[in-house]
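What follows is each chain in one-letter form.
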Amino acid sequence: RRSAKLTAAGRVASYIHNAAAPGMGKVGVLVALEGAGDLEDAGRKVAMHIASMKPLAATTDELDPAVVEKERQILTAQAAESGKPANVVEK
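Residues numbered from 1 in each chain as written. Predicted model: local features only at pLDDT ≥ 70, side-chain atom pairs only at ≥ 80, totals over all residues. Heavy atoms only, no water.

Peer 1: Please clarify how the environment of Gly 28 should be interpreted in this entry.
Peer 2: By the element assignment, Gly 28 lies in strand β2 (residues 27-33). Taking relative accessible area as the criterion, Gly 28 reaches 60% and is therefore assigned exposed. Considering only alpha carbons, one finds Gly 28 and Ile 50, 22 residues apart in sequence, at a separation of 9.7 Å. (Helix = DSSP H or I, 4+ residues; strand = E, 2+ residues; numbered from the N terminus. Buried < 20%, exposed > 50% of the residue type's maximum accessible area, 1.4 Å probe, protein only.)

If you want it as structure tokens, here you go:
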């Protein structure tokens, strides 16, 4: 249903979750890696991890500020409840 043209330097690894047929699935992830050696296995594992985490955005610029603030409040409350000093909680 959705597609985009991407350009990447280096090697590109892919992972398709719940593959219904070759190249078709519920979630697809592409990872571009630069470096020496065989990066295909590492790239596939990174792509699999990304698919499992269900990210809300690809970059920090794409994140909804309301979601970021809500998560910040949750983590701040958890740090405070654990007994951490106030200056550490704020960080």
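Having seen the structure, we can now continue with the description.
Peer 1: Just to check I follow, could you spell out a nonpolar patch on the surface for this structure?
Peer 2: Taken together, the side chains of Leu 56, Leu 63, Val 67 and Val 68 make up a nonpolar region of the molecular surface, amounting to roughly 310 Å² of accessible area. By secondary structure assignment, the location of Val 68 is in helix α2 (residues 65-81). (Patch = residues over 30% accessible without salt bridge, like charges linked within 9 Å, V, L, I, M, F, W, Y side chains within 5 Å. Areas by Shrake-Rupley, 256 points an atom, 1.4 Å probe, with all protein chains shown as cover. Salt bridge = Lys/Arg side-chain N within 4 Å of Asp/Glu carboxyl O.)

Peer 1: Help me understand the environment of Leu 30, please; the structure alone is not making it clear to me.
Peer 2: Checked against the element boundaries, Leu 30 lands in strand β2. Leu 30 gets classed as exposed once you look at its relative accessible area, which sits at 55%. Discounting chain neighbours no more than four positions away, the residues touching Leu 30 are Leu 6, Val 12, Ala 13 and Ser 14. (Contact = heavy atoms within 4.5 Å.)

Peer 1: Please clarify how α2 should be interpreted in this entry.
Peer 2: Residues spaced three or four apart along an α-helix face the same direction, because each turn holds 3.6 residues. With 17 residues, α2 ought to run about 24 Å at 1.5 Å a step, and its terminal C-alpha atoms sit 24 Å apart, in line with that. Where α2 terminates, the next one or two residues include Gly 83, which has phi positive at roughly 90 degrees. (Expected span 1.5 Å × (residues − 1).)

Peer 1: Explanation requested: the nonpolar core in the structure shown.
Peer 2: Counting five residues, the largest nonpolar core consists of Tyr 15, Val 29, Val 31, Ala 47 and Ala 51. Residues in contact with Val 31, not counting those within four places in the same chain, are Arg 11, Val 12, Ala 13, Gly 43, Val 46, Ala 47 and Ile 50. (Core = buried A, V, L, I, M, F, W, Y, C linked by side-chain atoms within 4.5 Å.)

Peer 1: Please clarify how unusual backbone geometry should be interpreted in this entry.
Peer 2: The bulk of non-glycine residues show a negative phi, and the bulk of peptide bonds are trans. Residue Lys 54 is not a glycine yet carries a positive backbone phi of 45 degrees. The topology assignment puts Lys 54 in the loop between α1 (40-53) and α2. For Lys 54, a relative accessible area of 67% puts it in the exposed group.

Peer 1: I'm lost on the pattern of salt bridges in this one. Help?
Peer 2: A side chain with one charge may pair with a side chain of the opposite charge, provided their charged atoms come close. Evaluation of the coordinates by the stated rule reveals one salt bridge. Between Asp 41 and Lys 45 there is a salt bridge, with the nearest N and O atoms lying 3.2 Å from each other. Of this pair, Asp 41 and Lys 45 both sit in helix α1, separated by four residues, roughly a single helical turn. Given a relative accessible area of 45%, Asp 41 falls into the partly exposed group.

Peer 1: Whenever I open this one, α1 confuses me. Can you help?
Peer 2: Given a rise of 1.5 Å per residue, 14 residues ought to cover 20 Å, and the 20 Å separating the end C-alpha atoms of α1 matches this to within 8%. Considered for burial, the residues of α1 that qualify are Gly 43, Ala 47 and Ala 51. All buried residues of α1 fall inside an arc of 75 degrees around its axis, so they share one side. For α1, the exposed residues set more than 90 degrees away from the buried face come down to Lys 45 and Met 53. In this structure, the buried side of α1 is in contact with β1 (11-17) and β2. Downstream of α1 by one or two residues, Lys 54 has phi in the positive range, about 45 degrees. (Arc of directions from axis to C-beta.)

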